[in-house]
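So the chains spell out like this:
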Amino acid sequence: MPSQLNKDPHNRYFDLGAAREVPDTHAWDGQHELPVVDGGVGAGDDAVPVVDMRDPRAAEAVARASEQWGAFLLEGHGVPTELLARVEAGIAGMFALPTPEKMRAARHDGDLYGYGPPLIASYVSKNMWSEGYTLTPANLHAEFRKIWPDAGQHYRHFSGVMEEFLKEMRSLANRLMELFLVALGLTAEQIAGVEAEHNLTESMTETMHLNWYPKCPDPTRALGLKGHTDSGFFTFVMQSQVPGLHLFRHGPPADRWVEVPAVPGALIVNIGDLFQILTNGRFRSVYHRVVVNRERERISVAYFLIPPADVKVAPLKEVVGGGKPVYRALTWSESIVVRKEAFANHGADLEFGKGRTALDMLSISSDEDDGAEHHRD
Ligand SMILES: C=C1C[C@]23C[C@@]1(O)CC[C@H]2[C@@]12CCC[C@@](C)(C(=O)O1)[C@H]2[C@@H]3C(=O)O
Ligand SMILES: O=C(O)CCC(=O)C(=O)O
Ligand SMILES: [Fe+2]
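Note that the structure is predicted; figures quoted are calculated from it, not measured.

### Re the overall build of the chain
So, step 1. Along the chain, the regular secondary structure elements total eleven helices and 13 strands.
So, step 2. Principal axes of the C-alpha set define a box for the chain whose edges measure 60 × 45 × 45 Å.
So, step 3. Each of the 377 residues in the chain was classed as buried or not, and the buried ones make up 57%.
So, step 4. As presented, the chain carries roughly 16,000 Å² of accessible surface, and 51% of it is formed by carbon and sulfur atoms.
So, step 5. Taking the 37 positively charged and 51 negatively charged side chains of the chain as two groups, their mean positions are separated by 4 Å.

### Digging into the pattern of salt bridges
One side chain can pair with another of opposite charge once the charged atoms of both are near each other.
So, step 1. Scanning all chains against the criterion turns up 14 salt bridges.
So, step 2. Of the charged contacts in the structure, one is a salt bridge between Arg86 and Glu82, with a shortest N-O distance of 2.6 Å. Residue Arg86 and its partner Glu82 are both found in helix α2 (residues 81–95); the two are separated by four residues, about one turn of the helix.
So, step 3. In the salt-bridge network here, residues are joined through shared partners; they are Glu82, Arg86 and Glu164.

### Brief notes about a nonpolar patch on the surface
So, step 1. Together, Leu112, Tyr113 and Leu119 line one region of the surface with nonpolar side chains, adding up to about 240 Å² of accessible area.
So, step 2. With respect to the secondary-structure elements, Leu119 resides in the loop between β4 (114–115) and β5 (131–135).

### As for the sheet that holds strand β11 (residues 267–271)
So, step 1. Strand order in the open sheet made by the eight strands is β2-β3-β11-β8-β13-β6-β5-β4, with mixed pairing throughout. If you trace the sheet from one side to the other, it starts and ends with β2 (50–52) and β4, each paired once.
So, step 2. Inspection of the sheet shows strand β6 (residues 205–213) paired to strand β13 (residues 298–306) by nine bridges, in the antiparallel sense. By the bridge assignment for β13, Glu206 is matched with Leu305.

### Observations concerning the site of ligand 1
So, step 1. The environment of ligand 1 is formed by 14 residues, the closest being Leu119, Ile120, Asp230, Ser231 and Ile306.
So, step 2. Measuring from an oxygen atom of ligand 1, one finds a backbone N or O atom of Leu119 at 3.2 Å.
So, step 3. Between Ile120 and ligand 1, the recorded distance is 2.8 Å, taken from a backbone N or O atom to an oxygen atom.
So, step 4. Taking 460 Å² as the accessible area of ligand 1 by itself, protein coverage stands at 98%.
So, step 5. Every element with two or more residues in the shell around ligand 1 is listed here: β6, β13 and α10 (332–346).

### As for the UniProt feature "domain: Fe2OG dioxygenase" (unreviewed entry) in the chain
So, step 1. When the UniProt feature table is mapped onto this chain, "domain: Fe2OG dioxygenase" (unreviewed entry) is found at residues 204–307.
So, step 2. From the first C-alpha to the last, residues 204–307 spans 4 Å; its make-up is 6% helix and 43% strand.

### Here's the deal with the sheet that holds strand β1 (residues 36–38)
So, step 1. Judged by pairing direction, the sheet is mixed, and its five strands sit side by side in the order β1-β10-β9-β12-β7 without closing on themselves. With partners counted over all chains shown, the strands left at the sheet margins are β1 and β7 (225–228), one partner each. Averaged over all neighbouring strand pairs, the angle between strand axes comes to 25 degrees, with direction disregarded.
So, step 2. Across three bridges, strand β9 (residues 245–249) lies against strand β12 (residues 288–290) in antiparallel orientation. Paired with His246 across the bridge in β12 is Arg289.

Rules and cut-offs
- Residues numbered from 1 in each chain as written.
- Chains lettered and ligands numbered in written order.
- Predicted model: local features only at pLDDT ≥ 70, side-chain atom pairs only at ≥ 80, totals over all residues.
- Heavy atoms only, no water.
- Helix = DSSP H or I, 4+ residues; strand = E, 2+ residues; numbered from the N terminus.
- Buried < 20%, exposed > 50% of the residue type's maximum accessible area, 1.4 Å probe, protein only.
- Areas by Shrake-Rupley, 256 points an atom, 1.4 Å probe, with all protein chains shown as cover.
- Lys, Arg positive; Asp, Glu negative; His and termini not counted.
- Charge placed at Lys NZ, Arg CZ, Asp CG, Glu CD.
- Salt bridge = Lys/Arg side-chain N within 4 Å of Asp/Glu carboxyl O.
- Patch = residues over 30% accessible without salt bridge, like charges linked within 9 Å, V, L, I, M, F, W, Y side chains within 5 Å.
- Pairing = 2+ DSSP bridges.
- Near = heavy atom within 4 Å.
- Polar contact = N/O pair within 3.5 Å; in protein donor to acceptor, adjacent residues only side chain to side chain.
- UniProt positions renumbered as here; feature names shortened; annotations may be inferred.
- Axes fitted to C-alpha atoms, helices over the stretch in contact; angles between N-to-C directions.

The following block contains the structure:
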């Protein structure tokens, strides 16, 4: 049995979709104590910011949302709603396949890609109420051939839809990167300079993680995805019309989780750890989690934009200006190791802003200066 799969108390594969109760192996005690507030329009300060890319003042809205929340709902992004619906239907069909068929693509220890729980699952002792499938544009076909070895109609249809999706998402990612740089206050000349020096937009890599959160008999004991920050530059999340994504917000008045509303056609953008470093702490990476519910399963796609694994990322000098870099330079691969350490040392404390996060561990005030350039090793 591949070691990464959801296990029951007897160490066998645990079929979440058929579960009648939440076993102790999947129970997250103490994780449902903070208040949860609705982040819909009308929620005042807790309304999740909305950015419309068609708005001439979109860059200002991006700056505000990235500084204050580290996340926003994105509209007017140009990815056809009809395509998003086909992506969702295709993914739902894939997750609905019999377990042995999905297990042909199971990820094994040490693998980054394949079917199974996400990377952070290996840092925690409890199982999450979800299954996932991690893919890249480069391995999409090889992965799907594991699930559909006959390369038949289903394989061809789903691969075609996902290819279309990837193309649209890449174009959007490039446009959003430019908008982020404008939002940081860089002039057109500075943006050209940053791109010439670091090749930020073209070099960022894409990873997709498809999430399936089956219905849960006791959602107050389970967690779809444990609280975490995304490690890369930024992430697009496409969620089905079932809310479940929570963004952490510190008090005052009180620490709380804000539930992202399901807005048809909108994508969610999360800032990741390496973007917080690149922007010298101006744009915040957002701590978030996913809860499940009793009545409806939920599907999402997280599409991560990550710098090449061996490229050092450091605060941009154009952002640091006359100030000081707050973070030391590091690669994405190094950041994953630091994150693992943060989890190992502080575990549940991170949830409540008490422990030392990976970003705290990388801040220069608590470490030596490692230079302020973004360059290849
Ligand atoms: C590129 C990646 C980002 C990710 C780790 C991964 O190698 C593939 C899965 C991604 C994911 C999805 C769920 C949450 C997350 C924290 C995790 O454990 O696996 C993210 C990772 C990340 O942002 O670092
Ligand atoms: O399911 C979601 O809404 C978010 C998923 C997520 O945070 C992730 O895959 O990193
Ligand atoms: Fe995430």
